[in-house]
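Residue-level structure breakdown
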Amino acid sequence: MTDLKINVINHPLIQHKLTFIRDIETGTKEFRELLEEIAMLMAYEITRELPLEDTEVTTPVGPCRCKRLSGKKIGVIPILRAGLGMVNGVLKLIPAAKVGHVGLYRDPDTLTPVEYYCKLPTDVHERELVIIDPMLATGGSVVAAIDLLKRNGGKNIKLMCLVVAPEGVKVVNDAHPDVEIYTAAVDERLNDHGYIVPGLGDAGDRIFGTK
Ligand SMILES: O=P(O)(O)OC[C@H]1O[C@H](OP(=O)(O)OP(=O)(O)O)[C@H](O)[C@@H]1O
Ligand SMILES: O=c1cc[nH]c(=O)[nH]1
Ligand SMILES: [Mg+2]
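Residues numbered from 1 in each chain as written. Chains lettered and ligands numbered in written order. Predicted model: local features only at pLDDT ≥ 70, side-chain atom pairs only at ≥ 80, totals over all residues. Heavy atoms only, no water.

Right, let's get into the pattern of salt bridges. What the rule picks out here adds up to 17 salt bridges. With a closest N to O distance of 3.8 Å, Glu180 and Lys5 form a salt bridge. You can see Glu180 sitting in strand β11 (residues 180-186) and its partner Lys5 sitting in the segment before β1 (7-8), a full 175 residues away along the chain. A relative accessible area of 39% means that Lys5 is categorised as partly exposed. A salt bridge links Lys73 to Glu126; the shortest N-O distance between them is 2.8 Å. Remark: Glu126 occurs in the loop between β7 (113-119) and β8 (128-132) and Lys73 occurs in the loop between β3 (62-69) and β4 (74-80); sequence separation between them is 53 residues. Within the structure, one salt-bridge network assembled from shared partners comprises Lys73, Asp123, Glu126 and Arg127. (Salt bridge = Lys/Arg side-chain N within 4 Å of Asp/Glu carboxyl O. Helix = DSSP H or I, 4+ residues; strand = E, 2+ residues; numbered from the N terminus. Buried < 20%, exposed > 50% of the residue type's maximum accessible area, 1.4 Å probe, protein only.)

Another aspect to go through is the site of ligand 2. Taken together, the neighbourhood of ligand 2 is formed by Arg106, Met135, Ala137, Gly194, Tyr195, Ile196, Gly201, Asp202 and Ala203. Interatomic distance of 2.8 Å between a backbone N/O atom of Ile196 and an oxygen atom of ligand 2. In the environment of ligand 2, a nitrogen atom lies 2.8 Å from a nitrogen or oxygen atom belonging to the backbone of Gly201. Compared with its free state, where it exposes 240 Å², ligand 2 has 89% of that area covered by protein. When atom positions are compared with the pocket grids, ligand 2 is found to occupy the largest pocket. (Near = heavy atom within 4 Å. Polar contact = N/O pair within 3.5 Å; in protein donor to acceptor, adjacent residues only side chain to side chain. Areas by Shrake-Rupley, 256 points an atom, 1.4 Å probe, with all protein chains shown as cover. 1 Å grid on protein atoms, 1.4 Å probe; cavity = no way out; pocket = protein on both sides within 12 Å on 5 of 7 lines; lining within 4 Å. Sits in = over half its atoms within 2 Å of the grid points.)

Another point: the site of ligand 1. Arg106, Asp133, Ala137, Thr138 and Ser141 are the nearest of the 15 residues found near ligand 1. Asp133 places a polar side-chain atom, nitrogen or oxygen, 2.4 Å from an oxygen atom of ligand 1. The backbone of Ala137 places a nitrogen or oxygen atom 2.8 Å from an oxygen atom of ligand 1. Considered on its own, ligand 1 offers 490 Å² of accessible surface; in the complex 91% of this is hidden by protein. Looking at side-chain class alone, the shell around ligand 1 contains six nonpolar, five polar and four charged residues. (Nonpolar A, V, L, I, M, F, W, Y, C, P; charged D, E, K, R; others polar.)

And the structure:
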């Protein structure tokens, strides 16, 4: 697939940590820690364009003209469950962000997403939204989450995933071309069970120690 619209974050620290997170030998505690760290590093990259405004403070030596964020309101939207593993990393860099939760699980037979929870900030329509989920596989869950946000007035939406499959990127690009996607890796393909190859297995199970 050649014409995918996606931003791959190749920062060496992210790539290094991703190697360990993929490893089958990495246990739950370390997996969680690595995912949080990578989420923080990815948040650093995707906030590069946030607008600044001039301000002034007084240092111990005297007045200093400097910059501060110009009050852009951000909403972080984890897709449950696995997206929860990225929330704290993002909030470390953007502590004033509000968090909206979208609960979706993938039916194991049909691979289609099933919605079971939704709680969004009341001013979701005014916020720059960042959907977070470690895995973008068929794309069904992300498209359902974006549909839901847009139905609730969400306009300005980005997507941050740790690992993606080309098939899923194409589905999201086609359904929501306005949504910018950021990832640490575009993997080879999906297998017959809808898992990303080589991927990292089931992210939710690895974060929460289920299975
Ligand atoms: O692109 P898709 O084919 O929709 O698959 C990706 C989804 O699958 C996983 O969630 P899962 O359904 O395993 O739920 P969980 O996070 O509760 O484990 C993952 O965290 C994504 O949300
Ligand atoms: O590889 C995959 C695909 C969907 N969900 C996961 O957690 N992993
Ligand atoms: Mg899962």
